[in-house]
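Fold and geometry: a report
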Amino acid sequence: MKRKFFWIKLRRSVLIKAIDVKRIIFNQLSMTQIELCTHINAPVERCFDMARSIDLHLESTKQTGERVIAGRASGLIELGETVTWRAKHFGIWQNLTSKITEFDSPNSFTDEMVSGAFKSFRHEHLFYAVNNQTVMKDIFLFESPFGWLGKVANFLFLGWYMEKLLVERNRVIKETAETTQ
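Residues numbered from 1 in each chain as written. Predicted model: local features only at pLDDT ≥ 70, side-chain atom pairs only at ≥ 80, totals over all residues. Heavy atoms only, no water.

1. Looking at the packing of helix α2 (residues 44–51) against helix α4 (residues 147–179)
- Put simply, α2 and α4 touch, their axes get as near as 10 Å, and they point 135° apart. The pairing of α2 with α4 is recorded here as oblique in orientation. The element α2 and its partner α4 pack so that their crossing is right-handed. On the side of α2, the interface is formed by R46, C47, M50 and A51, while α4 contributes R169, I173, T176 and A177. (Axes fitted to C-alpha atoms, helices over the stretch in contact; angles between N-to-C directions. Helix = DSSP H or I, 4+ residues; strand = E, 2+ residues; numbered from the N terminus. Parallel < 35°, antiparallel > 145°, perpendicular 65-115°, else oblique. Left-handed = near helix turned anticlockwise from the far one by under 90°. Contact = heavy atoms within 4.5 Å.)

2. Describing the sheet that holds strand β7 (residues 133–143)
- Taking strand neighbours across the sheet as the criterion, the seven strands line up as β1-β7-β6-β5-β4-β3-β2 in an open arrangement whose pairing is antiparallel. Two strands in the sheet have a free side with no partner beyond their single neighbour: β1 (32–40) and β2 (67–71). Put simply, the sheet's adjacent strands are angled 25° from each other on average, direction ignored.
- One ladder, built from nine bridges, connects β1 with β7; its direction is antiparallel. Across the sheet, the residue bridging to T38 is M136, located in β7. (Pairing = 2+ DSSP bridges.)

3. Section: the packing of aromatic side chains
- Considering all chains together, one arrives at 10 aromatic pairs under this definition.
- With a centroid separation of 5.4 Å and 70° between ring planes, the pair formed by F48 and F103 is classed as edge-to-face. With F48 in helix α2 and F103 in strand β4 (residues 92–104), this residue pair connects regions lying 55 residues apart in the sequence.
- What makes F48 buried here is its relative accessible area of 0%.
- What makes F103 partly exposed here is its relative accessible area of 26%.
- Taken together, a centroid distance of 5.6 Å and an interplanar angle of 75° make the contact between F90 and F157 edge-to-face. Taken as a pair, F90 in the loop between β3 (82–89) and β4 and F157 in helix α4 lie far apart in primary sequence, 67 residues in all.
- When its relative accessible area of 47% is taken as the criterion, F90 is described as partly exposed. (Phe/Tyr/Trp six-rings, centres within 6.5 Å; stacked < 30°, edge-to-face > 60°. Buried < 20%, exposed > 50% of the residue type's maximum accessible area, 1.4 Å probe, protein only.)

4. Regarding the pattern of salt bridges
- Applying the stated rule across the entire model yields 13 salt bridges.
- Between K62 and E59 there is a salt bridge, with the nearest N and O atoms lying 2.9 Å from each other.
- K62 sits in the exposed class, given a relative accessible area of 57%.
- Taking the shortest distance from any N to any O, the salt bridge between R171 and E175 comes out at 3.1 Å. A residue pair is termed a helical-turn pair when its members lie 3 or 4 positions apart in one helix, as R171 and E175 do in helix α4 at four residues.
- For R171, a relative accessible area of 39% puts it in the partly exposed group.
- Residue E175 is classed as partly exposed on the basis of its relative accessible area of 46%.
- The network of salt bridges with shared partners includes E102, E112, R122 and E124. (Salt bridge = Lys/Arg side-chain N within 4 Å of Asp/Glu carboxyl O.)

This is the structure we're talking about:
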């Protein structure tokens, strides 16, 4: 009798875990969050400006053929300004318009999607001066369209893909900030 109770309990535990996994994938992952911290041997003001540079952004995304098709086309983007990017992702040309919605120089700025392939996205750029260096923190939240298919795509490959793009962007910012005087 004890053995039968053990197996029933084990099955119930596995069932509960399977339900929890389903809940995580299909309910809690509606928004995917990526957080990155990049340590840069440069002043916080320089890092802040590099992160909002349209020209440097284009340099960091050249592997996608990204270019500006509307809005702020070069220089440093400011509060309230928009930029529309055109780039090739997964073999498809896509347009995305983002707007700077928050701006606190040289501590932070936030850009949010106005229109594009995502259901929504918000990218917070935070900068901390630490011992004559800068810690640049990205908090990137996005939600894919297409209901449960989008949630599965986030979980399987889109989160990884977006993180890879952000890591490359941060590598270019770090390299440029550390070599620019």
